[in-house]
Amino acid sequence: MQLRSKHLIGIEPLTRDEIQLILDTADSFKEVSTREIKKVPTLRGKTIVTLFYEASTRTRTSFELAAKRLSADTVSISTTASSVQKGETLIDTVRNIESMAADCFIVRHSCSGAPLLLTRACRASIVNAGDGSHEHPTQALLDAMTIRERKGQIEGLRVAIIGDIRHSRVARSNIHLLTKMGAEVRVAGPGTLLPTGIGKLGATVTTDADEAITGADVVMMLRIQQERMDRSFFPSLREFAKLYGLNRERMKRASPDAIVMHPGPINRGVEIDHDLADFERSVILDQTANGVAVRMAVLYLISQAAAGAAGGAGTPTGGAH
Ligand code: CP
């Protein structure tokens, strides 16, 4: 089986089988990062470019490591040190780099829809590394990989997603993925941070964090995205932490073996207490580690889709053709 598209713009267009394929492929790639020589020749000769118009630690680093572990050549464009500063447009930037025979662009942008726009303007594969408040597909995939590792399956699980839902591309991608895979998803946050229509994606919606957490198998906390707020959405961080922050007392409402997740970066003491971020059932660093395997899987599978029927992308952990 192959992915139908050589681009990854969101979870919404993916089928359940495609999600399963990416997760199974990621499972097979995970072992590569434990080898003494952490490299396979799968994408030798391919050129992968990361182009981030917003800050990133985890996503950018893990995409670069994933590409390098697949033996691709990598180029990292920093928008603060590029001709973007001189007014060059997104499309012109990508077309110019593409003319140097780039095969794939990993793009993060503050505008929802920017990666989709690029799929119509250039020939290379485009992978969305987070666009505005739209989607962050590889984050949802690495979250799903982590949940599968810890819980065995996604189907039938109760997942609570709590915090700034309004500005969260992570919430949207996770709602799409988890509901497709048969989980029950509950989202909770202050009314001002619950966007209109979020319930139509298939999650139940509440302003009561305790209600969302009660009986949950997975508690996923989200960061308050102050950089995207043009006004005040709640009276104070202190009040937000009291009503929505995860602490030991609130966590007692969850299932006794519930895991705690957070996509990072964490605002300790705001959406999650210090000790909950580091406690025994926190899988936050597993999420980060799994980001490399998931991104290896995505880069491999979209390269395979681009190669199409010619099937030139080789086998996942073995040699390239
Ligand atoms: N989770 C996530 O996207 O983290 P970064 O912003 O550090 O990439």
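Residues numbered from 1 in each chain as written. Predicted model: local features only at pLDDT ≥ 70, side-chain atom pairs only at ≥ 80, totals over all residues. Heavy atoms only, no water.

Of regular secondary structure, the protein chain possesses 11 helices and nine strands. Computed over C-alpha atoms, the radius of gyration of the protein chain comes to 19 Å, within 12% of the 20 Å expected from 2.2 N^0.38 for 321 residues, which places it in the range of a compact globule. By its C-alpha atoms, the protein chain is 55 × 45 × 35 Å across when sized along the principal axes. Classification of the 321 residues of the protein chain by burial places 56% in the buried group. Contacts in the protein chain between residues far apart in sequence, at least 24 positions, make up 73% of those at least 6 positions apart. Side chains of the protein chain carry 40 positive and 36 negative charges; the gap between the two charge centres is 3 Å. (Helix = DSSP H or I, 4+ residues; strand = E, 2+ residues; numbered from the N terminus. Rg over C-alpha atoms; globule rule 2.2 N^0.38 Å. Buried < 20%, exposed > 50% of the residue type's maximum accessible area, 1.4 Å probe, protein only. Contact = heavy atoms within 4.5 Å. Lys, Arg positive; Asp, Glu negative; His and termini not counted. Charge placed at Lys NZ, Arg CZ, Asp CG, Glu CD.)

This part is about helix H11 (residues 284–307). Compared with the 34 Å implied by 1.5 Å per residue over 24 residues, the 35 Å span of H11 between its first and last C-alpha is a close match. By the largest-angle criterion, Asn290 marks the main kink of H11, which is about 30 degrees. Across the 24 residues of H11, 18 count as buried, placing the element largely inside the fold. With its phi angle positive at about 60 degrees, Gly308 sits one or two positions after the end of H11. (Expected span 1.5 Å × (residues − 1). Bend = angle between axes of the 7 residues up to and from the residue.)

What follows covers the pairing of strand S8 (residues 218–221). Burial of the side chains of S8 extends over both faces: Val218 and Met220 are buried on one face and Val219 and Met221 on the other. Pairing geometry for S8 and strand S9 (residues 259–261), over three bridges, is parallel. Bridging from a neighbouring strand, Val218 pairs with Ile259 of S9. (Pairing = 2+ DSSP bridges.)

On to the site of the ligand, then. In the neighbourhood of the ligand, the contacting residues comprise Ser56, Thr57, Arg58, Thr59, Arg108, His136, Gln139, Pro263 and Gly264. A distance of 2.6 Å is found between an oxygen atom of the ligand and a side-chain nitrogen or oxygen belonging to Ser56. Taking Pro263, its main chain carries an N or O atom lying 2.8 Å from a nitrogen atom of the ligand. In terms of residue class, the shell around the ligand is built from one nonpolar, six polar and two charged. (Near = heavy atom within 4 Å. Polar contact = N/O pair within 3.5 Å; in protein donor to acceptor, adjacent residues only side chain to side chain. Nonpolar A, V, L, I, M, F, W, Y, C, P; charged D, E, K, R; others polar.)

Right, let's get into the environment of Ala293. If you trace the backbone, Ala293 turns up in helix H11. A C-alpha to C-alpha distance of 7.0 Å links Ala293 and Asp27, two positions 266 residues apart in sequence. Sequence-distant contacts of Ala293, defined by excluding residues within four places in its chain, comprise Ala26, Phe29, Lys30 and Met145.

With that out of the way, let us pick up the nonpolar core. Ile106, Leu141, Ile154, Ile161, Leu177 and Leu299 are the most contacted members of the largest nonpolar core, which totals 64 residues. At 11 residues, H11 tops the list of elements feeding residues into this core. Every residue in contact with Leu299, bar those within four places of it in the chain, is listed here: Leu43, Ile48, Phe63, Ala66, Ala67, Leu70, Cys104 and Ile106. (Core = buried A, V, L, I, M, F, W, Y, C linked by side-chain atoms within 4.5 Å.)

Where helix H1 (residues 16–30) contacts H11, the two axes come as close as 8 Å, and the packing angle between them is 120 degrees. Crossing geometry of H1 relative to H11 is assigned as right-handed. Contacts from Leu21, Ile22, Thr25, Ala26, Phe29 and Lys30 in H1 reach Asn290, Ala293, Val294, Met296, Ala297, Val298, Tyr300 and Leu301 in H11. Grouping the amino acids of the contact of H1 with H11 by side-chain chemistry returns 11 nonpolar, two polar and one charged. (Axes fitted to C-alpha atoms, helices over the stretch in contact; angles between N-to-C directions. Left-handed = near helix turned anticlockwise from the far one by under 90°.)

In short, shape yes, function no, at least from these values alone.
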